[in-house]
Amino acid sequence: MKFSLKTILLQSTLLILSTTILTYAQVRDGSSAGVIISSVTTTNSWTGAADGTSYKNTKGTAIKWSIPLQFSSYGDGTYIDLATDVPGWILLMLPKNQPNTPAFKENKKYSFTDINVASIRYAVDFFDLGILTGGQIGVGYLGTGLEEKKDRGNAFEADSYFSYGANAGIDFNIGSQLLHSLFLYDWVSMGEDRKGNTWTAELKYFPFSTSSRYSLIHFKAFGKSTTINYPEKIAGPDYKYSDFQIGIGLILDNIL
C-alpha cells in the first residue's frame, strides 16, 4: 500500500495533536514539599536616621530559606494549589530555638519575615486554549523582625496580612514533561494604615510524566515584588515599604 507525502504529513500531525491532547488531559496531583532559597532586597524596612519629618531611605538584603508544604493539581484544564510555610518554618526554627527570620547584612538587629500561613490558588482553562485564568487568597506574616522591643517605632514591624487577587498563566506540554507558568497580582492589607500590592511571576518545570510516581517533582523559579504604605504615624503618607525576592527551589512528590 502506497502513501503520499501529504497523507503521511496529515497522519503525523493528527498523531502529534492527539498525543498532546491526551498528555494535557492527564493530571498531576497530590501532596508535596521542598526547599526554596531566595535572595531578598528591601527598601525602607526600617526608617534609619530621621531629621524632623524627613526620613532617609534604608535598604536591607538577606538570604531566606523556606520549606513549603502543599497539595496541588495540574492538568485537565485546571490548576489548584493549597499551601503553607508554617510546618517548614517550625522545622527551620528548631535548631536555633528562635524564629527563622534571616538578619539583614546591613544591620543585624533587623531581620526579614515573610511566611505564607495559608493560601489557595485556583485557575481554569475556560476556552481550551492552554491559557489559565483564576484567582487566589492568602494570609501570612510579613515585615521586619526586631531584635529589641525598643526599636519597634523605627521599623516596618512584621505583622499579619490578608491578600486576594487574580492570576493568569500557561501550561505547555513537551511530550511527557510540563512547563507551568503563572503571573499573580494581589492586593494586600495589614490593617487600616498599611495596604499595598504584590506581583509574582513563577515558572515550574516537571521532568517526569504523569504516569510516574515522581510526577509532582519539579523545579521552580520565581520573582516577587511587594509594596505597602508605611504607617503615617511613623513616616508620613509618601513613605513606602517594598521588597523584592528572586528564588529557586526543588519540590518533592508524594510525601504524605
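1. Regarding the nonpolar core
Consideration 1: F104, F112, L142, F156, I228 and Y241 are the most contacted members of the largest nonpolar core, which has 16 residues in total.
Consideration 2: Once residues within four sequence positions are removed from consideration, F104 is found in contact with T42, S45, W46, G60, T61, A62, Y110, S111, F112 and T144.
Consideration 3: Of all hydrophobic cores here, the second largest spans nine residues; its members include Y79, L132, L178 and L216.

2. Things to note about empty space enclosed by the protein
Consideration 1: A full pass over the atoms with the stated rule returns three cavities of 30 Å³ or more.
Consideration 2: Taken as a whole, the largest cavity holds about 710 Å³ of empty space.
Consideration 3: Along the wall of the largest cavity there are 35 residues; nearest its centre are N116, S119, R121, E202 and K224.
Consideration 4: Looking at the lining of the largest cavity residue by residue, the classes come out as 12 nonpolar, 13 polar and 10 charged.

3. Topic: unusual backbone geometry
Consideration 1: In this structure, N44 is a non-glycine residue whose phi angle is positive, near 65 degrees.
Consideration 2: By secondary structure assignment, the location of N44 is in the loop between β1 (27-43) and β2 (50-51).
Consideration 3: Take N44: its relative accessible area is 4%, and that puts it in the buried class.
Consideration 4: In the Ramachandran plot, D128 falls in the positive-phi region, its phi being about 55 degrees despite a non-glycine side chain.
Consideration 5: Here D128 is to be found in the loop between β7 (110-124) and β8 (131-146).

4. A few points about the pairing of strand β5 (residues 69-75)
Put simply, side chains in a regular strand alternate between the two faces of the sheet.
Consideration 1: Extensive coverage of β5 is indicated by the burial of five of its seven residues.
Consideration 2: Both β1 and β5 contribute to a ladder of seven bridges, which runs antiparallel. When the sheet's bridge partners are listed, V27 is paired in β5 with G75.
Consideration 3: One ladder, built from seven bridges, connects β5 with strand β6 (residues 78-84); its direction is antiparallel. Along β6, the bridge assignment pairs L69 with T84.

5. Focus on the pattern of salt bridges
Consideration 1: Inspection of the entire model under this criterion finds five salt bridges.
Consideration 2: Measuring nitrogen to oxygen at the nearest pair gives 2.9 Å for the salt bridge that ties D159 to R194. Placement of the pair is D159 in strand β9 (residues 159-174) and R194 in the loop between β10 (177-189) and β11 (195-206), with a sequence separation of 35 residues.
Consideration 3: Using a relative accessible area of 28% as the deciding quantity, one classes D159 as partly exposed.

Thresholds, definitions, all that
Residues numbered from 1 in each chain as written. Predicted model: local features only at pLDDT ≥ 70, side-chain atom pairs only at ≥ 80, totals over all residues. Heavy atoms only, no water. Core = buried A, V, L, I, M, F, W, Y, C linked by side-chain atoms within 4.5 Å. Buried < 20%, exposed > 50% of the residue type's maximum accessible area, 1.4 Å probe, protein only. Contact = heavy atoms within 4.5 Å. 1 Å grid on protein atoms, 1.4 Å probe; cavity = no way out; pocket = protein on both sides within 12 Å on 5 of 7 lines; lining within 4 Å. Points joined across faces, edges and corners; volume = space filled by probe spheres on them. Nonpolar A, V, L, I, M, F, W, Y, C, P; charged D, E, K, R; others polar. Helix = DSSP H or I, 4+ residues; strand = E, 2+ residues; numbered from the N terminus. Pairing = 2+ DSSP bridges. Salt bridge = Lys/Arg side-chain N within 4 Å of Asp/Glu carboxyl O.

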